[in-house]
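Descriptive analysis of the structure
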Amino acid sequence: MTNDFITRLPKAELHLHIEGSLEPELMFALAARNKVAIPFASVEDVRAAYSFTNLQTFLDIYYAGAAVLKTEEDFRDLAVAYFDRVAQDGVVHAEIFFDPQTHTHRGIPFDVVANGLFAGIEEAKAKHGMSVGLIMSFLRHLSEEDAFETFAQAEPWLDRLIGVGLDSSEMGNPPSKFARVFAAAGDAGLMLCAHAGEEGPAEYVHEALDLLHVDRIDHGNRALEDPALVARLARDAMTLTVCPLSNVALRNVDTLENHPIDRMLDLGLRATIHSDDPAYFGGYIGENYRQTAAARNLSREQVVTLARNSFLGSFLDDETLAGHLATLDAYVKAN
Ligand SMILES: Nc1ncnc2[nH]cnc12
Ligand SMILES: [Zn+2]
């Protein structure tokens, strides 16, 4: 199996924070355009600061970096840069997260963020023929009341959003804190996902299932510590959006060589590979696939299963899903 086979393999990105695709070059360009001061002298300076010891040390830098995003055009440019990049990685469908509270708490109106991102999404659909969905994530270090306020601001946009998510500092902020706002989002017809078991315990994965009634788990690594939970996730074909380079960068897994992705597949889990915050963790989705395949010596069949799982775990309608699966099958047959 060549790297080229992996790169061009049709795949879906299901775990990507658009703010986490802000490359240092764009950060500098936007800082200049918006006259925002950033505490770095050069692009190299920024990259040198990207050395993390856990989730929080990353989040502190990630939220600071987002301060350069101010106008609709900024959010559009950010989204376009991401889609242009992953069009080269075989991505034919993307369901991306955005964190409205990161921006509204700095005085940027919700509508500015949403207008800009949707402009970028429309451009990507036209330019690359991708299908794209946008997921609004609540910041779990903030209150449920704050999440409800954000949900109210999103009201005019709800028919254009595909789902809600839950991210930010996991430890001490269990899914149970957001049960009511997730129930409201579910009642509004949105799909539901939550980061769980990235740093937090398997118990948080139980809570995401039982109290938030999620359709998908983001990360889910620590579910492996609980055999009964693994059996349940496998039985229910619950998708886990796993992010190997993120796991190593945030020290949730010591090395890629020890990453449990193939163990997850062997256990019957519907695991997939994604990038999380590619500008911060050293690679986009293609890089995650290629490096993990090399480090774990994955077979061609395992790599194709990961790509198939990305489509099966998506929130696509049956017809579009069938189209993407047919594209994947045709690619595998021809290559
Ligand atoms: N890996 C991650 N975990 C939790 N929140 C995040 N926000 C952006 N990336 C995240
Ligand atoms: Zn994430």
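Residues numbered from 1 in each chain as written. Chains lettered and ligands numbered in written order. Predicted model: local features only at pLDDT ≥ 70, side-chain atom pairs only at ≥ 80, totals over all residues.

As annotated in an unreviewed UniProt entry, the chain is Adenine deaminase from Sphingomonas ginsenosidivorax. Annotation of the chain in UniProt includes, under Catalytic activity (unreviewed entry), the sentence "adenine + H2O + H(+) = hypoxanthine + NH4(+)". Reading the Sequence similarities (unreviewed entry) entry of the UniProt record for the chain gives the comment "Belongs to the metallo-dependent hydrolases superfamily. Adenosine and AMP deaminases family. Adenine deaminase type 2 subfamily." (UniProt positions renumbered as here; feature names shortened; annotations may be inferred.)

Here the focus is the overall build of the chain. If you tally the helices and strands in the chain, you get 17 helices and eight strands. Against the compact-globule benchmark of 20 Å for 335 residues, the chain has a radius of gyration of 19 Å, which places it among compact chains. Across its three principal axes, the chain shows a C-alpha extent of roughly 50 × 40 × 40 Å. Expressed as a percentage of contacts within the chain between residues at least 6 apart in sequence, the contacts between residues at least 24 apart total 75%. (Helix = DSSP H or I, 4+ residues; strand = E, 2+ residues; numbered from the N terminus. Rg over C-alpha atoms; globule rule 2.2 N^0.38 Å. Contact = placed C-beta atoms within 7 Å.)

Another point: the sheet that holds strand β7 (residues 239–242). Backbone hydrogen bonds hold the strands of a sheet together, and the pairing may be parallel or antiparallel. Pairing in this open sheet of eight strands is parallel, and the strands run β1-β2-β3-β4-β5-β6-β7-β8 from one edge to the other. This sheet does not close on itself; its edge strands, each paired only once, are β1 (11–13) and β8 (270–273). Each strand of the sheet is rotated relative to its neighbour by a mean of 25°, with strand direction disregarded. With respect to the sheet, helix α7 (residues 110–128) is in contact with β2 (91–98) and β3 (131–139), its orientation differing from that of β3 by roughly 155°. Relative to β8, helix α16 (residues 300–312) is tilted by about 100°, and along the sheet it contacts β1, β7 and β8. (Pairing = 2+ DSSP bridges. Axes fitted to C-alpha atoms, helices over the stretch in contact; angles between N-to-C directions.)

Next up on the list: the confidence of the model for the chain. Per-residue pLDDT for the chain has a mean of 97; in total, 100% of the residues score no lower than 70. Taken together, the chains of this predicted complex give a pTM of 0.98 and an interface ipTM of 0.98. (pLDDT = per-residue confidence, 0-100.)

Bringing the UniProt feature "binding site: Zn(2+)" (unreviewed entry) in the chain into the picture now. Residues given the UniProt feature "binding site: Zn(2+)" (unreviewed entry) here are His15, His17, His195 and Asp276. In sequence the annotated residues extend across 262 residues, while in space they remain close, none of their C-alpha pairs exceeding 11.7 Å. Here histidine 15 lies in the loop between β1 and α2 (24–34). With residues up to four places along the chain from it excluded, the contact list for histidine 15 reads Asp218, Thr241, Cys243, His274 and Asp276. The topology assignment puts aspartate 276 in the loop between β8 and α14 (278–281). Accessibility expressed as a C-beta count within 10 Å gives 29 for aspartate 276, which makes it buried. Setting aside residues no more than four positions away along its own chain, aspartate 276 makes contact with His15, Leu16, His17, Gly20, Cys243, Ser246 and Phe281. (Buried ≥ 20, exposed ≤ 12 C-beta atoms within 10 Å, placed from the backbone.)

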